[in-house]
Amino acid sequence: MLLRCKMAMNASADTVFDCVDEPEHIVQWVEGALEHTYISDRNPANPVGQKFLQKLRMGKSVKDFYGEIIAWEASTHFGLHIPSPAYSSEAHFRITPNGPTRSTVD
């Protein structure tokens, strides 16, 4: 199944990219997120392949989801994959700058 959303943002592409890449920002917008931790070494120039752990509240329980960065191009593209026995997910955030203080996320 493919779900797609496109949103105009009142923020620069750099700011939006930080919100999908930086753990302290991820837990502010991912529903149920309690923690997001990178668990493998990070190559700042190309973090593709970096593993992460995301702890999500699901009802009364907390579940651990392990994933991997599968696409990364500074300020424009962030992709992740979370495999799971119940369902696997892949998400791509493609960010287009629309001037210094606006961007579009697809």
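Presented here is an overview of the structure given in this document.

What counts as what
- Residues numbered from 1 in each chain as written.
- Predicted model: local features only at pLDDT ≥ 70, side-chain atom pairs only at ≥ 80, totals over all residues.
- Heavy atoms only, no water.
- Helix = DSSP H or I, 4+ residues; strand = E, 2+ residues; numbered from the N terminus.
- Buried < 20%, exposed > 50% of the residue type's maximum accessible area, 1.4 Å probe, protein only.
- Contact = heavy atoms within 4.5 Å.
- Areas by Shrake-Rupley, 256 points an atom, 1.4 Å probe, with all protein chains shown as cover.
- Lys, Arg positive; Asp, Glu negative; His and termini not counted.
- Charge placed at Lys NZ, Arg CZ, Asp CG, Glu CD.
- Core = buried A, V, L, I, M, F, W, Y, C linked by side-chain atoms within 4.5 Å.
- Arc of directions from axis to C-beta.
- Polar contact = N/O pair within 3.5 Å; in protein donor to acceptor, adjacent residues only side chain to side chain.

Considering the overall build of the chain
Within the chain, the secondary structure is distributed over 2 helices and 7 strands. Projecting the C-alpha coordinates of the chain onto the three principal axes gives extents of approximately 40 × 30 × 25 Å. Relative to its full complement of 106 residues, the chain shows a buried share of 34%. Counting only contacts in the chain whose residues sit at least 6 apart along the sequence, the fraction spanning at least 24 positions is 34%. Surface accessibility of the chain: about 6900 Å² in total, with carbon and sulfur atoms responsible for 55%. Where the 10 positive side-chain charges of the chain centre and where its 13 negative ones centre are 8 Å apart.

Quick notes on the environment of Tyr 87
Of note, Tyr 87 is situated in the loop between β5 (77-82) and β6 (89-97). Assessed through its relative accessible area of 48%, Tyr 87 is described here as partly exposed. When neighbours within four sequence positions are excluded, Tyr 87 is seen to be in contact with Phe 65 and Ile 82.

Things to note about the nonpolar core
Counting 20 residues, the largest nonpolar core has Tyr 38, Phe 78, Leu 80, Phe 93 and Ile 95 as its most contacted members. Among the elements of the structure, α1 (13-21), β2 (33-38), β3 (51-58), β4 (61-73), β5 and β6 are those that each provide at least two residues to this core. For Ile 95, the contacting residues outside a window of four places in its chain are Ala 13, Val 16, Phe 17, Ser 75, Thr 76, Ser 103, Thr 104 and Val 105.

What about α1?
Inspection of α1 places Ala 13, Val 16, Phe 17, Val 20 and Asp 21 among the buried residues, and these make up the whole buried set. Looking straight down α1, one finds its buried side chains confined to an arc of 130°; they lie on one side.

Structural notes on unusual backbone geometry
The backbone phi angle of Ser 75 is positive, close to 70°, even though this residue is not glycine. Note on placement: Ser 75 falls in the loop between β4 and β5.

So, the environment of Asp 106
Residue position: Asp 106 is located in the segment after β7 (103-105). Its relative accessible area of 23% is what places Asp 106 among the partly exposed residues. In this structure the C-alpha to C-alpha distance between Asp 106 and Leu 53, which are 53 residues apart in sequence, comes to 24 Å. Within polar-contact distance, the side chain of Asp 106 engages the side chain of Arg 4 at 2.4 Å.

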